[in-house]
Amino acid sequence: MSSLFNTTPSESMVKLKSFSQPKKHGLVHRLADRSRLLPNLSLTRVSHATNEMLRSFKSPALAGSRENGVAVQAVPSSVLASKDSPAIAVPSTSQALNVEINDWVTSSLSVVVVGASGDLAKKKIFPALFALYYEGLLPEEFQIFGYARSKMSDTDFRDLISSTLTCRIDAAEKCGDAQEKFLKRCFYQAGPYDDSSGFAQLNTKMSEQEVSKPRANRMFFLSIPPNVFIAAAGGAAEQCSSKTGWTRVIVEKPFGRDSTSSRELSDGLSRYLREDQTYRIDHYLGKELIENLTVLRFANLVFEPLWNRDYIKSVQVIFSENFGTEGRGGYFDQYGIIRDVIQNHLLQIVALFAMEPPVSLDAEDIRNEKVKVVRSMQPVQLDDVVLGQYKGRKEKNFNLPGYLDDATVPKGSLTPTFAAIAMHINNARWDGVPFLLKAGKALDNRRAEIRVQFRHIPGNIYKHKMGSNMDNTSNELVIRIQPKESIYLKINNKVPGLGLRLDSTKLDLQYQSTYKKELPDAYERLLLDVVNGDKRLFIRFDELEAAWELYTPMLHEIEAKKVAPELYPYGSRGPVGAHYLAAKYNVRWADLEEESL
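Residues numbered from 1 in each chain as written. Predicted model: local features only at pLDDT ≥ 70, side-chain atom pairs only at ≥ 80, totals over all residues. Heavy atoms only, no water.

- Looking at an unreviewed UniProt entry, one finds the protein named Glucose-6-phosphate 1-dehydrogenase and attributed to Chlamydomonas eustigma.
- Among the UniProt annotations of the protein, the heading Pathway (unreviewed entry) holds the following wording: "Carbohydrate degradation; pentose phosphate pathway; D-ribulose 5-phosphate from D-glucose 6-phosphate (oxidative stage): step 1/3."
- Here is the UniProt Catalytic activity (unreviewed entry) comment for the protein, exactly as written: "D-glucose 6-phosphate + NADP(+) = 6-phospho-D-glucono-1,5-lactone + NADPH + H(+)". (UniProt positions renumbered as here; feature names shortened; annotations may be inferred.)

Laid out in structure tokens, this is it:
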């Protein structure tokens, strides 16, 4: 490494260009391989150190750079000003090399949605990009490109997404004008995911729209089936990587089905992308109450001293939907509720909740603590798992179909649509505290929340006023992620009047009444974070590996033994077995004690 920092700028050009090649002998790839053995190694710090070295160069030949200044490529003057392209101003050396800082005076932004004709793109990604646009959070020079196998023109593409674009109430007056301007910036290129020729055509189309600025930053969202992730990432990296700015690629879950398939996916992506270019997105981490979780804990003195085994009896993370697969059973059946929700969404929430205080708000400091706490967790045992599958139920005037009634679900499928899991963290802070995770479809309500149940008061002098069930009077902190976002603390209080009668009540923060502004969608926050290079809410490869190691043995055991899920009626509270699992750890599911949302 020292020889790299002691070279002249011209000599460094040759050495640094090798970093961009998808070969395993490059420095960054060797460090990535070593980081699997050395979990505390920060690739970002390596990139930062390299970037500092690049900033010291004064050679005007180094006019361009890829992500984080690691893969430098000179931009010949013939490219900057030729008879076939308009002359553009060449940025200063410091501007060109410091690609971590978005200088939108000299840069444009191109966002490519790969899989642009799919449901996720139409329902979430394009509306989120539009919201960022009308909120003024995208640079002046930006373009949106759709890429998919479907044949359509730019006009057809604009018509396709126009019906999905809506404005929040506070921006409704200017919505029509904003939509028209936004759609003019949208373009489409048809092509296959597994053939680089289509991406070469995409690159040509992108370059035609990027001529107004000397530097072009490019961002790709892979909204496609996992079996073509690697091929599409390779086509985008080889044909469409920016020559003058950064290139970042967002990968949507699922990140494999087990440890082996997840590792194969990570290794495949690493052939074309560095870790600092890869953004593994879990949209649940972009929700307002999840981002507020660390603020609530670390910015309020009242909570952090209580955040341990001495005061907390149990932690419950609950996710429930009041609808079934609704024709998506074919996709869902490949994964099931554990892979689809618990192993990623709920485990990520537990990691943020239970991690030690990070050194700073830097992305790597936060992600280091998440990895540490995930590695402190015990692998899930089958004895700590309850599986369920919803069955049909007759109402007065209609029938609610069961999971196996979905025509897209294989006959006799044992795939669970409900799971309750007990997890344990083997460290000084959480030893002996059960973390109960529950997720299911076709339940009695829709909700996602974290419930922190505190221990009983030792020697409570009001015990005789609280009834026989002390659990009903225990303090509880509830963080409701959706719907009706809120944070409230259940406390015991004297009922006004003569005599002494106690009641359980809430100290309640309701977001809708306290903050009048509509909350942004999770994808808005996460897409903006990618633009800004903020990786706090994205999953690092070693964290993903550690997460799969917790669940893979149990998932394989369920499949090998063909464990049959317990049936529960559509619209019920789930299988009875979940209550026995909670009772095993001397707790009750607290969400069942409350009124429906």
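## What to know about the packing of helix α12 (residues 259-270) against helix α19 (residues 541-561)
Part 1 of the reasoning: Packing of α12 against α19 leaves a shortest axis separation of 9 Å and a crossing angle of 160°. Relative to α19, α12 is oriented roughly antiparallel. As for the relative orientation of α12 and α19, their crossing is right-handed in sense. Contacts between α12 and α19 involve Ser259, Ser262, Arg263 and Ser266 on the former and, on the latter, Leu544, Glu545, Trp548, Glu549 and Thr552.
Part 2 of the reasoning: Its residues assigned to classes, the contact of α12 with α19 shows two nonpolar, four polar and three charged. (Axes fitted to C-alpha atoms, helices over the stretch in contact; angles between N-to-C directions. Helix = DSSP H or I, 4+ residues; strand = E, 2+ residues; numbered from the N terminus. Parallel < 35°, antiparallel > 145°, perpendicular 65-115°, else oblique. Left-handed = near helix turned anticlockwise from the far one by under 90°. Contact = heavy atoms within 4.5 Å. Nonpolar A, V, L, I, M, F, W, Y, C, P; charged D, E, K, R; others polar.)

## As for the sheet that holds strand β15 (residues 486-494)
Part 1 of the reasoning: Read across the open sheet, the nine strands follow the order β16-β15-β14-β13-β7-β12-β11-β8-β18; overall the sheet is mixed. Looking along the sheet, the strands with just one partner apiece sit at the ends: β16 (502-510) and β18 (566-569). Taking each pair of neighbouring strands and ignoring which way they run, the sheet shows an average axis angle of 20°.
Part 2 of the reasoning: In this sheet, β16 lies alongside β15 in antiparallel orientation, the contact comprising nine bridges. Looking at β16, one finds that asparagine 493 is bridged to aspartate 503.
Part 3 of the reasoning: Across the face of the sheet, α19 comes into contact with β8 (385-391), β11 (418-423) and β12 (435-440) while running at roughly 135° to β11. (Pairing = 2+ DSSP bridges.)

## A closer look at the pattern of salt bridges
Part 1 of the reasoning: Under the defined criterion, the tally for this structure stands at 32 salt bridges.
Part 2 of the reasoning: A salt bridge links arginine 274 to aspartate 276; the shortest N-O distance between them is 3.2 Å.
Part 3 of the reasoning: In this structure arginine 274 comes out as buried when scored by relative accessible area, which is 4%.
Part 4 of the reasoning: Look at the salt bridges and you will find they share partners, linking Arg447, Glu449, Arg451, Glu476, Arg480 and Lys490 into a network. (Salt bridge = Lys/Arg side-chain N within 4 Å of Asp/Glu carboxyl O. Buried < 20%, exposed > 50% of the residue type's maximum accessible area, 1.4 Å probe, protein only.)

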